Structures are given as C-alpha cells and as structure tokens.
Amino acid sequence: AQTVTQSQPEMSVQEAETVTLSCTYDTSESDYYLFWYKQPPSRQMILVIRQEAYKQQNATENRFSVNFQKAAKSFSLKISDSQLGDAAMYFCAYRTAYYNNDMRFGAGTRLTVKP
Amino acid sequence: GAGVSQSPSNKVTEKGKDVELRCDPISGHTALYWYRQSLGQGLEFLIYFQGNSAPDKSGLPSDRFSAERTGGSVSTLTIQRTQQEDSAVYLCASSSGTASTYEQYFGPGTRLTVT
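Residues numbered from 1 in each chain as written. Chains lettered and ligands numbered in written order. Predicted model: local features only at pLDDT ≥ 70, side-chain atom pairs only at ≥ 80, totals over all residues. Heavy atoms only, no water.

Asks: Summarise the state of the cysteines; cite the residues concerned and give the values.
Replies: Residue and element names in this part refer to chain A. Inspection of the entire model under this criterion finds two disulfides over all chains. Each disulfide pairs two cysteine sulfurs, and for cysteine 23 the partner residue is cysteine 92, the sulfurs being separated by 2.0 Å. Given an S-S torsion of about -70°, the disulfide between cysteine 23 and cysteine 92 has left-handed geometry. Here cysteine 23, found in the loop between β3 (19-21) and β4 (24-26), pairs with cysteine 92, found in strand β10 (residues 88-96); they are 69 residues apart in sequence, far enough to count as distant. Its relative accessible area of 1% is what places cysteine 23 among the buried residues. (Disulfide = S-S within 2.5 Å. Helix = DSSP H or I, 4+ residues; strand = E, 2+ residues; numbered from the N terminus. Buried < 20%, exposed > 50% of the residue type's maximum accessible area, 1.4 Å probe, protein only.)

Written out as structure tokens, the structure reads:
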C-alpha cells in the first residue's frame, strides 16, 4: 500500500523568507500524481500544486514550487517570499494513476509565518 | 460558481446516538469522496461514489458507517451508535471525473464531537 510521510510536524518561517516542507512516499507504481494541499483554519483544503510522476520538470505555481525526486520518492514544497496568509497546515498527498480511488495523505506540517 | 458545501458545520452528539452528515457537491461533478480527519492526522479515505454506481466502501472503518448518494448528487454519511473515537472532521470532496487527472474540490467539513 502507498504511504506518505511528512517528517516535520511544525515549521516556522520569517515573512518574506523561503521555507521548504518535506514529503516522502512509498509506492511500487511507476505512474501516479503528487499533490500539496493547504488547509487554513477554515478547514477547507485548497490545492496548492500538483506533479505528474511521468514529468521530469518540477511543477511551479507562482511562489510555490516542488522538488520532485522520483528515484528517491521525495516531493518537497518550497514557498518563496512567505506571506502571513501562507500560515496553515500543509498536506502532501499521493494518488495512483491506475484506478479510480482515493488519495493518500501525509499527517501534515503546520506552517507558522512570523511577521 | 458554488463550491462543495457540507452541513452541519459542527455537530455535538452523545455516545450511542446516530448522526447524519450531508454533502452537496459542485453541480455536474460525478465523483464524490468522503474523508475523515482525526486530530493531528492527515485525511483518511472512507468512501467514494462515481455517479450512481455502487460505491467503493473500502475505507469505511466499521459497519456502523454507511453512506448514500441521492440521484448522483447529494450524499449523506451516517454513523450509527457513535463512539468517542468517531470524533473528527469529516470532509467531502467532489470532482468532475474519477481519473487522477481530475482535481478534487473539498468542502469545509463537519466537525463531529462525540461526548
């Protein structure tokens, strides 16, 4: 079974600086999707960025980018120029490309942004 | 347009009572997912519906949990004889398809507290 591990329960960053959140996963599949979701206090999960495993190029969305290392099964999220509104829980998630099913989530990293 | 909505936002119930949680997906979305988020944990898949087809119930933790989807739209998650360990946030998500390329849109969740 696929598992997703986020080893940093909490992270802190100074406003305007850069922070990297770590995620590793375990799978025997070759085709899959990886996601980072943000969950603010409102509880609504918001998709931040996604990566297709067959793409070698790292995904970027404005201030958010990933470092996808397929061989190492690592998928870290970099947030540049951190803003107060970035403070939230961040979840890494894995989804298989082979069948219609659920996503597997990590336990999350709580990000605090200091002014 | 309107996003995924869930009701109630919060629910407090006594141990042993039954509860019903409701999810209204985005109009036109054929796939609907239920997840459970326990305190300090990531999301745990419970059940998913694709249109009117039989649901994938593989994630339901016990036979006290059931779900139905009316006319391929609104879904109700029912927990019978609630236990304290059922206390969690229950999140619903919908997507326009079930392939992994389709983004899941999440609702704000229902926080269930069993006393």
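We are not done yet, so read on.
Asks: Talk me through the interface of chain B and chain A; I want residue IDs and the actual numbers.
Replies: Listed per partner, the contact involves 28 residues of chain B and 21 residues of chain A. Taken together, the two surfaces of chain B and chain A that pack against each other cover about 1,900 Å², and 45% of this comes from carbon and sulfur. Between chain B and chain A we count zero salt bridges in total. Counting residues per element, the ones that place at least two in the side of chain B that touches chain A are β4 (31-37), β5 (43-50), β8 (88-95) and β10 (110-114) of chain B. Residue composition of the side of chain B that touches chain A, by class: twelve nonpolar, 13 polar and three charged. (Contact = heavy atoms within 4.5 Å. Buried area = accessible area lost by both parts, 1.4 Å probe. Salt bridge = Lys/Arg side-chain N within 4 Å of Asp/Glu carboxyl O. Nonpolar A, V, L, I, M, F, W, Y, C, P; charged D, E, K, R; others polar.)

Asks: Describe the packing of aromatic side chains, and please don't skip the residues or the numbers.
Replies: Using the criterion set out here, one finds 14 aromatic pairs over all chains in the structure. An angle of 80° between the planes, with centres 5.4 Å apart, marks the rings of tyrosine 37 of chain A and phenylalanine 106 of chain B as edge-to-face. Taken as a pair, tyrosine 37 of chain A in strand β5 (residues 32-39) and phenylalanine 106 of chain B in strand β9 (residues 105-106) lie in two separate chains rather than in one. In terms of burial, tyrosine 37 of chain A and phenylalanine 106 of chain B fall into one category: buried. Taken together through their ring pairs, the aromatic side chains of Phe35, Tyr37 and Phe105 of chain A together with Tyr33, Tyr35, Phe45, Tyr48 and Phe106 of chain B make up a single cluster. (Phe/Tyr/Trp six-rings, centres within 6.5 Å; stacked < 30°, edge-to-face > 60°.)

Asks: Talk me through the nonpolar core; I want residue IDs and the actual numbers.
Replies: Generally speaking, soluble globular proteins have nonpolar side chains that are buried together. By size, the foremost hydrophobic cluster in this structure holds 25 residues, and its most contacted members are Tyr25, Trp36, Phe75, Leu77 and Tyr90 of chain A. Elements supplying a minimum of two residues to this core: β3, β5, β6 (46-52), β8 (64-69), β9 (74-79), β10 and β12 (109-114) of chain A. If one sorts the elements of this core by residue count, β10 of chain A sits on top with four residues. Other than its neighbours up to four places away in sequence, phenylalanine 75 of chain A contacts Cys23, Tyr25, Leu34, Phe35, Trp36, Gln51, Val66, Asn67, Phe68 and Cys92 of chain A. Judged by nonpolar contacts, the second largest core, of 20 residues, contains Leu21, Leu32, Trp34 and Leu77 of chain B. (Core = buried A, V, L, I, M, F, W, Y, C linked by side-chain atoms within 4.5 Å.)

Asks: A description of the pattern of salt bridges should follow, citing residues and the corresponding values.
Replies: All names here are of chain A. Tallying each qualifying case throughout the model produces eight salt bridges over all chains. The salt bridge involving aspartate 86 is made with arginine 63; its shortest N-O contact spans 2.8 Å. Here aspartate 86, found in the loop between β9 and β10, pairs with arginine 63, found in the loop between β7 (60-61) and β8; they are 23 residues apart in sequence, far enough to count as distant. Side by side, aspartate 86 and arginine 63 carry an identical accessibility label, which is buried.

Asks: How would you explain the sheet that holds strand β6 (residues 65-69) of chain B if you had to name every residue and give the values?
Replies: Residue and element names in this part refer to chain B. Strand order in the open sheet made by the four strands is β1-β3-β7-β6, with antiparallel pairing throughout. In the strand order of this sheet, the two ends are held by β1 (5-7) and β6, each with one partner. Put simply, the sheet's adjacent strands are angled 15° from each other on average, direction ignored. Of the pairings in the sheet, the one linking β6 to strand β7 (residues 75-79) comprises five bridges and is antiparallel in character. Note on β7: the bridge partner recorded for glutamate 68 is threonine 76. (Pairing = 2+ DSSP bridges. Axes fitted to C-alpha atoms, helices over the stretch in contact; angles between N-to-C directions.)

Asks: Tell me about the layout of surface pockets, residues and numbers included.
Replies: The calculated volume of the largest pocket comes to roughly 500 Å³. Taken together, 25 residues form the lining of the largest pocket, with Gln39 and Arg110 of chain A together with Gln37, Leu39 and Gly40 of chain B sitting closest to its centre. (1 Å grid on protein atoms, 1.4 Å probe; cavity = no way out; pocket = protein on both sides within 12 Å on 5 of 7 lines; lining within 4 Å. Points joined across faces, edges and corners; volume = space filled by probe spheres on them.)

Asks: Please set out the pairing of β5 of chain B residue by residue, giving values where relevant.
Replies: All names here are of chain B. Of all the eight residues making up β5, six are buried; the element is thus mostly covered by neighbouring parts of the structure. With seven bridges connecting them, β4 and β5 associate as antiparallel partners. Residue pairing for β5: leucine 32 is matched across the bridge by phenylalanine 49. With antiparallel pairing between neighbouring strands as the criterion, β4 and β5 make up a hairpin whose turn holds five residues, including glycine 40 at a positive phi of roughly 75°.

Asks: Let's hear about the pairing of strand β3 (residues 19-24) of chain B: which residues, and what values?
Replies: Regular strands place their side chains on alternate faces of the sheet. All names here are of chain B. Residues Val19, Leu21 and Cys23 of β3 are buried on one face, while the alternating residues Glu20, Arg22 and Asp24, pointing to the opposite face, are not. In terms of strand pairing, β3 meets β7 through five bridges, oriented antiparallel. Pairing of glutamate 20 across the sheet is with threonine 78, part of β7.

Nothing here speaks to function; it is all geometry.
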